[in-house]
Amino acid sequence: MRLSKVKTEARIINVPIHLIRSNPLQPRIYFDDENMELLTASVCAIGIIEPLTVYENEEHGYTLLSGERRLRAAQKAGLERVPCVLLDMVTTERFFAGLVQDMQSQKLNCFEEAMVIDKLCSVTGLNYTDAAEKLGISPTLMQKRLRLLQIPVNMRKAIIENGLTEKHIALLLRLPSDKDKETLLREIITGRLNVSSAEKKCREILATGRKQHGTIIKYFNDITVFVNSIEKTINTMLSSGISARCKRRETETTVDYLISIPKNG
């Protein structure tokens, strides 16, 4: 993903860890425990090689722009200070720079990228077209990413942990209800279904849903058969001694019937 650059003035300083506040708009949601343990061991052995990125916060020292994993590893390793790139930017530039760095260096998963795009638009006030241009992606890809947010939050972690592809996710999005999505996701994971098998299962779930909710089948395009049935019923009543009366009136769009049947026959 090609990203536009944000011009900033920066310098590297050593910042006390207790003065660094995590980014409240951190897009990364999932932190692999095993990888975090490896990173912590590395930090214990050789320290922080790549500086974190922060900006000064008048209320609380510094706020993290990027480097959440490194910050957590440094905290677990018991470090008191960490090297940080201190950026001096206005708020919207600051936020955008953080998202750009996250998408460039942290290899966010597809859901996190979708959240990045959504946050970029909501915080900076950019519309989706302008945001797509800033991030160097097409509006079509932008909409495709944002559709991923229709997947329930409780399902996203399972999707990522089980290595499902975006084609698998597209099949989940074809299903109308969260319950159906959960059913298909469970089938894919337990059966280790490839995309072709998952698509077949998706069609089965859709077909089952249509049967359960029922469908209206249009047997006739011509209403003549129904009109004749009404008139035949009236004639049957008259022949049986019931003095039913029927008035018919046609308009440009309807055929109206007024049927009167005596209570005493």
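Anyway, here's the lowdown on the structure attached to this text. (Residues numbered from 1 in each chain as written. Predicted model: local features only at pLDDT ≥ 70, side-chain atom pairs only at ≥ 80, totals over all residues. Heavy atoms only, no water.)

## Examining a nonpolar patch on the surface
Stage number 1. Judged by side-chain polarity, Ile-230, Ile-259 and Ile-261 come together as a nonpolar surface patch covering roughly 230 Å² of accessible area.
Stage number 2. Positionally, Ile-230 belongs in helix α11 (residues 224-239).
Stage number 3. The exposure class assigned to Ile-230 is partly exposed, which follows from its relative accessible area of 31%. (Patch = residues over 30% accessible without salt bridge, like charges linked within 9 Å, V, L, I, M, F, W, Y side chains within 5 Å. Areas by Shrake-Rupley, 256 points an atom, 1.4 Å probe, with all protein chains shown as cover. Salt bridge = Lys/Arg side-chain N within 4 Å of Asp/Glu carboxyl O. Helix = DSSP H or I, 4+ residues; strand = E, 2+ residues; numbered from the N terminus. Buried < 20%, exposed > 50% of the residue type's maximum accessible area, 1.4 Å probe, protein only.)

## Quick notes on unusual backbone geometry
Stage number 1. Phi angles above zero are rare outside glycine, and Arg-192 is one such case at about 50 degrees.
Stage number 2. Secondary-structure assignment places Arg-192 in the loop between α9 (178-191) and α10 (195-213).

## A short note on the environment of Arg-11
Stage number 1. Looking at the secondary structure, you find Arg-11 in strand β1 (residues 9-16).
Stage number 2. In the structure, Arg-11 is positioned 75 residues away from Leu-86 in sequence and 5.3 Å away in space, judged by C-alpha atoms.
Stage number 3. Residues in contact with Arg-11, not counting those within four places in the same chain, are Cys-84, Val-85 and Leu-86. (Contact = heavy atoms within 4.5 Å.)

## Some thoughts on the nonpolar core
Stage number 1. The biggest cluster of nonpolar side chains holds 20 residues, and the ones touching the most others in it are Phe-111, Leu-148, Ile-151, Ile-159, Ile-169, Leu-172 and Leu-184.
Stage number 2. For this core, the secondary structure elements donating two or more residues are α4 (110-124), α7 (153-161), α8 (166-173), α9 and α10.
Stage number 3. Per-element accounting of this core gives the leading share, four residues, to α8.
Stage number 4. In terms of nonpolar packing, the next biggest core, distinct from the first, is built from 18 residues, Ile-13, Met-36, Ile-48 and Val-54 among them. (Core = buried A, V, L, I, M, F, W, Y, C linked by side-chain atoms within 4.5 Å.)

## Some thoughts on α9
Stage number 1. Between the first and last C-alpha of α9 there are 20 Å, a value that for 14 residues agrees with the 20 Å anticipated at 1.5 Å per step.
Stage number 2. Three or more residues of α9 are buried, namely Lys-181, Leu-184, Leu-185 and Ile-188. End-on, the buried residues of α9 take up no more than an arc of 100 degrees, which puts them together on one face. Exposed and facing more than 90 degrees away from the buried side of α9 are Lys-179 and Thr-190.
Stage number 3. Looking one or two places after α9, you find Arg-192, whose phi comes out positive at around 50 degrees. (Expected span 1.5 Å × (residues − 1). Arc of directions from axis to C-beta.)

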